[in-house]
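So you can see what is in the structure, the chains are spelled out below.
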Amino acid sequence: MKRIIAIIITLVIDLGGYLGFSRSQQNRRPVVGVLAMMHHPALDQIYKGFVAGLAAEGYHNGKNIKIEYQNANGDQSNLNQMANKLINDHAKVVMGITTPAAQSLANATKSTPVLMGGIGDPVGSQLVKSMKHPGSNVIGVQSDNPVRQQLALAKRFLPHTKQLGLIYTSSDPSAEHQAKQMEAATKQLNIKLRVATIANSNDLNQVSQSLLSHVDGVMVPCDNTIAGSMKVLVKNADAVNKPVFPGADTMVKDGGVASISLDQYGMGKATGKMAAQILKGKRPRDMAVDDSHHGKPVLNLKQVHKLGLKVPAGFIKDAQQYGQVIK
């Protein structure tokens, strides 16, 4: 009887030790922090790509890493608190989706590596000193939209246009950066551009209606606020039978006509692979910012038919072969 009791005690001790070891192993999984400004399809694609990029390098959430995700749900006042939480939770590397999120993380730490998840103007936003030599703990991917190609595409759809509109959120650094690039490109392409800005999503309905009354079509950069309210812009554009040419593929899906769009998922995946390099020991100061500027053709045939537009020669084939056709 004593021998049986001794065996049971030994088994209990061994089991307790094993469970303790398992918990210890789980606690030692490196934390990868993610801070997002809000939910909308384009930003969600960046996050999904980020997770896929980590997985492609052997890092799987719940197995050998723990991804801690924070979302400010469009309230910028939440970002600093969430950024500090990720740093205080001893994340090994953190990633900010949108410029304000990346800036909040950069302000929260000067030692933990901070990744930019598709930021339009890293230098102008003072996140890095230069693209080749960031000079700090901040690194990542720049989403340099091919705005000249986007404008040229709009002109192909509207060859007789007298004036295009451009609408963006004035408080979005990435959108503002792209808007300035677009204004410069219009001079080279001999396109007249009428610019309108909004302060927040509440302005979009009235401002877009006014803009649409003066132009033949509307250009939209990769703008987080407008991407989250595309239905409002598309509704107003449909009412006057005018096309919208947005910068992101997800915005084309939401009612835009066409785009030479950056691959949001691909940008996220590239950022995830950079995070994996850091987890393997590479230092941010030894890395350069990844300049993602290769666009893919995206076409919304349903919207084209609704507006009675003619697709430029060869564009359907290009979209089918190199990008996406939405039917």
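Rules of the game
Each chain has its residues counted from 1, running along the sequence as written. Local features in a predicted model are, by the rule used here, given only for residues with pLDDT of at least 70; side-chain atom pairs are given and counted only at 80 or more, and totals for whole chains, interfaces and linings are based on all residues. Heavy atoms throughout the structure, all of them, feed into the side-chain values; hydrogens and water do not. Two strands pair under a simple rule: DSSP has to find at least two bridges between them. In DSSP terms, a helix is any run of H or I states spanning at least four residues, a strand is any run of E spanning at least two, and both are numbered starting from the N terminus. The axes used here are C-alpha line fits, helices contributing only the stretch in contact, and every angle between their N-to-C directions lies in the interval 0 to 180 degrees. When accessible area is computed with a 1.4 Å probe and restricted to protein chains, residues below 20% of their type maximum are described as buried, those above 50% as exposed, and intermediate ones as partly exposed. Whether a crossover is right-handed comes down to one check: with the strands pointing away from the viewer, does the path from the first strand over the helix to the second run clockwise; if it does, it is right-handed. Throughout this description, the term nonpolar core refers to a set of buried Ala, Val, Leu, Ile, Met, Phe, Trp, Tyr and Cys residues connected via side-chain atoms within 4.5 Å. The contact criterion used throughout is that any non-hydrogen atoms of two residues lie within 4.5 Å. One confidence number per residue, pLDDT, is output by the predictor and ranges from 0 to 100. Take the far helix as your reference; a near helix turned counterclockwise from it by less than a right angle gives a left-handed crossing, and one turned clockwise gives a right-handed crossing. Note on residue categories: nonpolar means Ala, Val, Leu, Ile, Met, Phe, Trp, Tyr, Cys or Pro, charged means Asp, Glu, Lys or Arg, and polar means any other residue, Gly included. Small angles under 35 degrees read as roughly parallel and large ones over 145 as roughly antiparallel, with 65 to 115 read as roughly perpendicular and the rest as oblique.

1. Some points on the sheet that holds strand E6 (residues 164-169)
Across the sheet, which stays open at both edges, the four strands sit in the order E7-E6-E8-E9 with parallel pairing between neighbours. Every interior strand has two partners, whereas the edge strands, strand E7 (193-198) and strand E9 (244-246), have only one. Strand-to-strand twist in this sheet, taken as the mean axis angle between neighbours without regard to direction, amounts to 25°. Of the strand pairs in this sheet, E6 and strand E8 (residues 218-220) are connected by two bridges, and their pairing is parallel. Bridge assignment links Gly-165 to a residue of E8, and that residue is Val-218.

2. Observations regarding the pairing of strand E3 (residues 93-97)
Counting buried residues in E3 gives five out of five residues, a clear majority hidden from the surface. Residue alternation in E3 divides its side chains into two sets, Val-93, Met-95 and Ile-97 and Val-94 and Gly-96, and both sets are buried. Bridge count between strand E1 (residues 31-36) and E3: five bridges; the pairing is parallel. In the strand pairing of E3, Ala-36 is matched with Ile-97. Sheet topology note: the E3/strand E4 (residues 114-119) ladder contains three bridges and is parallel. Bridge pairing in E4 links Met-95 to Leu-115. At this point the chain moves from E3, through helix H4 (residues 99-108), to the parallel E4, and the crossover so formed is right-handed.

3. Here we look at the nonpolar core
The biggest cluster of nonpolar side chains holds 46 residues, and the ones touching the most others in it are Leu-35, Phe-50, Leu-54, Leu-115 and Met-116. When residues of this core are traced back to their parent elements, those giving at least two are E1, helix H2 (41-56), helix H3 (79-88), E3, H4, E4, strand E5 (138-143) and helix H11 (264-279). Not counting the four nearest positions on each side in its chain, Met-116 is found in contact with Gly-96, Ala-102, Pro-122, Leu-127, Val-128, Val-138, Ile-139, Gly-140, Val-141, Thr-271 and Val-289.

4. Thoughts on the confidence of the model for the chain
Overall, the predicted model of the chain reaches an average pLDDT of 90, with 91% of residues at or above 70. Counting interchain partners and residues more than four positions distant, the pLDDT-below-50 stretch residues 17-26 has one contact.

5. As for the sheet that holds strand E10 (residues 258-261)
Ordered by their spatial adjacency, three strands build an open sheet running E10-E12-E13, and the pairing between neighbours is mixed. One side of each edge strand has no neighbouring strand; the edge strands of this open sheet are E10 and strand E13 (324-326). The sheet shows a mean angle of 15° between the axes of neighbouring strands, taken without regard to direction. Bridge analysis of strand E12 (residues 296-300) against E13 gives three bridges, and the strand direction is parallel. Paired with Val-298 across the bridge in E13 is Gln-324. Helix H5 (residues 147-157) contacts E10 and E12 of the sheet and is inclined by roughly 160° relative to E10. Along the sheet, helix H13 (residues 315-322) contacts E10, E12 and E13; its crossing angle with E12, the most-contacted strand, is approximately 115°.

6. Some thoughts on unusual backbone geometry
For Thr-98, which is not glycine, the phi dihedral falls at a positive 95°. By the element assignment, Thr-98 lies in the loop between E3 and H4. Positive phi, normally seen in glycine, also occurs at Asn-241, with a value near 60°. For Asn-241, the location among the structural elements is in the loop between helix H9 (230-239) and E9. Residue class for Asn-241 comes out partly exposed when judged on its relative accessible area of 45%.

7. Things to note about the pairing of strand E2 (residues 66-71)
Where E1 and E2 come together, six bridges link them in parallel fashion. Paired with Gly-33 across the bridge in E2 is Glu-68. Note on the crossover from E1 through H2 to E2: the handedness is right-handed.

8. Details of the side chain of Thr-271
Structurally, Thr-271 can be placed in helix H11. Once you skip the residues sitting within four places of it in the chain, Thr-271 turns out to touch Phe-50, Met-95, Leu-115, Met-116, Gly-117 and Val-141.

9. Comments concerning the packing of helix H7 (residues 204-212) against H9
Running from amino to carboxyl end, H7 crosses H9 at an angle of 30°, the nearest separation of the two axes being 9 Å. In this structure, H7 crosses over H9, and the sense of that crossing is right-handed. The residues of H9 that touch H7, namely those facing Leu-204, Asn-205, Ser-208, Gln-209 and Leu-212, are Val-232, Leu-233, Lys-235, Asn-236 and Ala-237. In terms of residue class, the contact of H7 with H9 is built from five nonpolar, four polar and one charged.

10. Brief notes about the packing of H2 against H11
Where H2 contacts H11, the two axes come as close as 6 Å, and the packing angle between them is 40°. Taken together, the axes of H2 and H11 are oblique relative to one another. The handedness of the crossing between H2 and H11 is right-handed. Where H2 abuts H11, its residues Ala-42, Gln-45, Ile-46, Lys-48, Gly-49, Phe-50, Ala-52, Gly-53, Leu-54 and Ala-56 lie against Gln-264, Tyr-265, Gly-268, Lys-269, Thr-271, Gly-272, Lys-273, Ala-275, Ala-276 and Leu-279. Considered class by class, the residues forming the contact of H2 with H11 number ten nonpolar, seven polar and three charged.

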